[in-house]
Amino acid sequence: MSRVGNKSITLPDQVSVKTDAAGQVTVEGPMGRLQYTLPQGITLAADGSSLQVSRSTETRTARTLHGTARALINNMVTGVSKGFQKNLEIHGVGFRAAVKGSDIDLSLGYSHPVLHPIPAGLKVTVTDNTKIKVEGV
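Residues numbered from 1 in each chain as written. Predicted model: local features only at pLDDT ≥ 70, side-chain atom pairs only at ≥ 80, totals over all residues. Heavy atoms only, no water.

Asks: Can you walk me through the overall build of the protein in this structure?
Replies: Helices and strands together make up the secondary structure of the protein, namely two helices and twelve strands. For the protein, the α and β elements follow one another from N to C terminus as α-β-β-β-β-β-β-α-β-β-β-β-β-β. Taking 137 residues into account, the globule formula puts the C-alpha radius of gyration at 14 Å, and the protein, at 20 Å, lies well above it. For the protein, the C-alpha atoms occupy an extent of roughly 55 × 35 × 25 Å along the three principal directions. The buried share of the protein, taken over its 137 residues, is 29%. Looking at the protein alone, contacts between residues at least 24 apart form 50% of all its contacts between residues at least 6 apart. As displayed, the protein has an accessible area near 8800 Å², and 52% of this comes from carbon and sulfur atoms. Of the charged side chains in the protein, 15 are positive and 10 negative, and the gap between their average positions amounts to 6 Å. (Helix = DSSP H or I, 4+ residues; strand = E, 2+ residues; numbered from the N terminus. Rg over C-alpha atoms; globule rule 2.2 N^0.38 Å. Buried < 20%, exposed > 50% of the residue type's maximum accessible area, 1.4 Å probe, protein only. Contact = heavy atoms within 4.5 Å. Areas by Shrake-Rupley, 256 points an atom, 1.4 Å probe, with all protein chains shown as cover. Lys, Arg positive; Asp, Glu negative; His and termini not counted. Charge placed at Lys NZ, Arg CZ, Asp CG, Glu CD.)

Asks: Sorry if this is basic, but what is going on with the sheet that holds strand β10 (residues 114–117) here?
Replies: Sheet strands associate in pairs through backbone hydrogen bonding, adopting either a parallel or an antiparallel arrangement. Pairing is antiparallel in the open sheet, where three strands are placed in the order β8-β9-β10. Among the strands making up the open sheet, the edge pair consists of β8 (96–100) and β10. The average undirected angle you get between the axes of adjacent strands in this sheet is 25°. As paired strands, β8 and strand β9 (residues 103–107) are joined by five bridges and run antiparallel to one another. Paired with A98 across the strands is D105, a residue of β9. (Pairing = 2+ DSSP bridges. Axes fitted to C-alpha atoms, helices over the stretch in contact; angles between N-to-C directions.)

Asks: Can you help me understand the side chain of S107 in this one?
Replies: The topology assignment puts S107 in strand β9. Judged by its relative accessible area of 16%, S107 falls in the buried class. Ignoring any residue separated from it by four or fewer positions in sequence, one finds S107 in contact with G94, F95 and R96.

Asks: Where do I start with the environment of T59 in this structure?
Replies: Along the chain, T59 turns up in the loop between β6 (50–55) and α2 (60–81). Taking the C-alpha atoms as reference points, T59 and G41, 18 residues apart in sequence, are found 10.0 Å from one another.

Next comes the structure, spelled out in structure tokens:
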């Protein structure tokens with residue numbers, strides 16, 4: 001019995017969900033648009049302002065994918081409606097960060113700066129040289 005998979009997903013007013021015959025789920029909202037392909041044997045049913053994820057068989061693989069698919073779709077709904085954000089802080093003497101174009105420049109005690117590309121769809125801001133805020137769907 002999947003406790004996570006059996007929970008229904010509540011849709012906010014501004015979020016719409018579309019599914020096709022191939023199992024492609026598209027979630028659209030004010031923050032953006034996300035897509036996910038349902039695993040084999042997992043189905044999604046819309047009931048007004050809620051969604052229900054179900055499985056066709058009781059195999060171990062189907063049971064594990066049931067809860068995973070439900071959690072991923074719920075996170076997609078949350079992402080396109082409210083978005084996610086994470087605040088990070090760098091600890092260390094002389095450690096600092098800066099955003100340079102589409103890269104984040106991290107000075108972490110190496111003899112060279114560490115340049116890491118910022119993935120598309122994420123917004124990264126640096127305050128006080130040690131506080132990094134990552135936002136996205």
